[in-house]
Amino acid sequence: MRATIVRGAGLGVLLFGMSSVPSAQGLAQQSQPDLVSGASEMGHEGALRWFNLTVDQLEYQFVRNGRDGLKWDFQADYGGDINRVVLRSEGTKLTGDSYEEAEVQLLYSRSVGDFYDAQGGIRYDLGNDPRRAYGVFGIQGLAPYFVELEALAFVSDEGEFSGRLEAEYDLLITNRLILQPNVELNVALNQVREREVGRGFNDIETGLRLRYEFTRVFAPYIGVNYERKLGDTADFADDEGEDKDAFSFVSGIRLVF
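Calculation criteria
- What you see as residue numbers is a count from 1 along each chain, following the sequence as written.
- The predicted origin of the model limits local features to residues at a pLDDT of at least 70 and limits the giving and counting of side-chain atom pairs to 80 or more, whereas totals for whole chains, interfaces and linings rest on all residues.
- The side-chain quantities take in all heavy atoms of the structure and omit both hydrogens and water.
- A run of DSSP states H or I qualifies as a helix once it reaches four residues; a run of E qualifies as a strand once it reaches two. Both are numbered from the N-terminal end.
- Residue exposure (1.4 Å probe, protein chains only): buried if accessible area is under 20% of the type maximum, exposed if over 50%, otherwise partly exposed.
- The accessible surface values rely on the Shrake-Rupley method and a 1.4 Å probe; as for residues, cover is taken only from the protein chains in view.
- Within this document, salt bridges are pairs made up of a side-chain nitrogen of Lys or Arg and a carboxyl oxygen of Asp or Glu, the two lying within 4 Å of each other.
- We call a set of buried Ala, Val, Leu, Ile, Met, Phe, Trp, Tyr and Cys residues a nonpolar core when their side-chain atoms join them within 4.5 Å.
- It only takes one pair of heavy atoms within 4.5 Å for two residues to be counted as in contact.
- Per-residue confidence from the predictor is reported as pLDDT, a score between 0 and 100.
- The aromatic pairing rule takes the rings of Phe, Tyr and Trp, using the six-membered ring of Trp, and pairs them if the centres are within 6.5 Å, calling planes under 30 degrees apart stacked, those over 60 edge-to-face and the rest tilted.
- Two limits define a charge over a ring: the Lys NZ or Arg CZ must be within 6 Å of the ring centre, and within 35 degrees of the ring normal.
- Our arc is simply the arc of the directions from the helix axis toward the C-beta atoms.

Draft legend 1. Structural detail: the overall build of the protein. Scanning the protein from N- to C-terminus turns up four helices and 13 strands. A burial count over the protein gives 44% of its 257 residues as buried. Within the structure as shown, the protein displays about 12,000 Å² of accessible surface, and the carbon and sulfur contribution to it stands at 62%.

The structure is reproduced here in structure tokens:
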């Protein structure tokens, strides 16, 4: 996820990364009314257009399902304080194999509060067959204590319903050294056997990444990542001779433009 939520005065702080502030705890102590006041003074739709590209994860994963892999997660935003267009992609490619999973989303994002955006649009999966197109709707924002949240629901072109909840947090050890825990949970209302997706909770992924921001733009990191398939999805993986979980060491870079 990308910190491009808060408008006005908050935009100046969060659009360009958390390193531009003394500490996350310090910001947490700043009252929300203060930020809202700044937004009301500076944020007027039509007065400002901006473009932001955040490559949140571009990393090599060591020993993933017995094979190394390349993972990416980026988001590009264009628009103003109220209305924006969002292009988002994430996925994983195993070495010597096709894409294990890959998706692209094109969304319209509209502010529905000082710290949250409602989003809707389309998603297309580029991973293993059969491929799917989805309608997307959900919310992205900044919860208290600066926890970044994203909750999205998907409806495929085959009428299958699914959802995703993602959260991450930047813990500033120093102004440049930042520890970022994150977690992602996927759920489906329909079983899709040909895509090895069971009904209920499908999988959970959690990671811990430590990055050093040489500049606002460039921050290399190292970390660990763990994925676990759940329920029927885990049973489908067993049937196909695949691992139900995977632990990886990761090394990558984070870029913000």
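Draft legend 2. Layout of the pattern of salt bridges. For the coordinates displayed, the defined rule picks out 21 salt bridges. Among the ionic pairs, Asp56 bridges to Arg254, the shortest N-O distance being 3.0 Å. In this pair, Asp56 is assigned in strand β1 (residues 50-64) and Arg254 in strand β13 (residues 245-256), connecting sequence segments 198 residues apart. Like Asp56, the residue Arg254 is buried in the burial classification. One salt bridge in this structure joins Glu213 and Arg211, with 3.2 Å as the shortest N-O distance. One exposure class covers both Glu213 and Arg211, and it is buried.

Draft legend 3. Spatial organisation of the nonpolar core. Judged by nonpolar contacts, Val86, Leu107, Tyr134, Val136, Leu152 and Phe154 together constitute the single largest core of six residues. Taken together, the elements giving at least two residues each to this core come down to β6 (133-143) and β7 (147-156). Setting aside anything within four residues of it in sequence, one finds Phe154 in contact with Gln105, Arg123, Tyr134, Gly135, Val136, Glu160, Phe161, Ser162, Gly163 and Arg164.

Draft legend 4. Here's a closer look at the confidence of the model for the protein. Taken residue by residue, the protein gives an average pLDDT of 82. The fraction at 70 or more is 78%. Residue range residues 6-43 is modelled with pLDDT below 50. Its contacts to residues more than four positions away, or to other chains, number 66 contacts.

Draft legend 5. Quick peek at the packing of aromatic side chains. Per the stated rule, a full pass over the model turns up five aromatic pairs. Measuring from ring centre to ring centre gives 6.1 Å for Tyr134 and Phe154, while their planes differ by 70 degrees; the resulting arrangement is edge-to-face. Of this pair, Tyr134 sits in strand β6 while Phe154 sits in strand β7, and the two are 20 residues apart along the sequence. A residue is classified by how much of its surface remains accessible, and Tyr134, at 9% relative accessible area, is buried. Taken together through their ring pairs, the aromatic side chains of Tyr212, Phe214 and Phe218 make up a single cluster. Directly above the aromatic system of Phe154 lies the positively charged group of Arg123, at a separation of 4.4 Å from the ring centroid.

Draft legend 6. Structural detail: unusual backbone geometry. Of note, Tyr145 is a non-glycine position whose phi angle comes to about 65 degrees, a positive value. As for its position among the elements, Tyr145 is in the loop between β6 and β7. Located in the positive-phi region is Phe146, a residue other than glycine, with phi close to 60 degrees. The class of Phe146 is buried, set by a relative accessible area of 12%.

Draft legend 7. Spotlight on helix α4 (residues 231-239). Taken residue by residue, α4 has Thr233, Ala234, Phe236 and Ala237 as its buried positions. All buried residues of α4 project into a common sector of 160 degrees when viewed along the axis, lining one side. Contacts made by the buried residues of α4 are with β11 (200-212) and β12 (218-229). Of the residues one or two after α4, Gly241 is the one with positive phi, at around 75 degrees.

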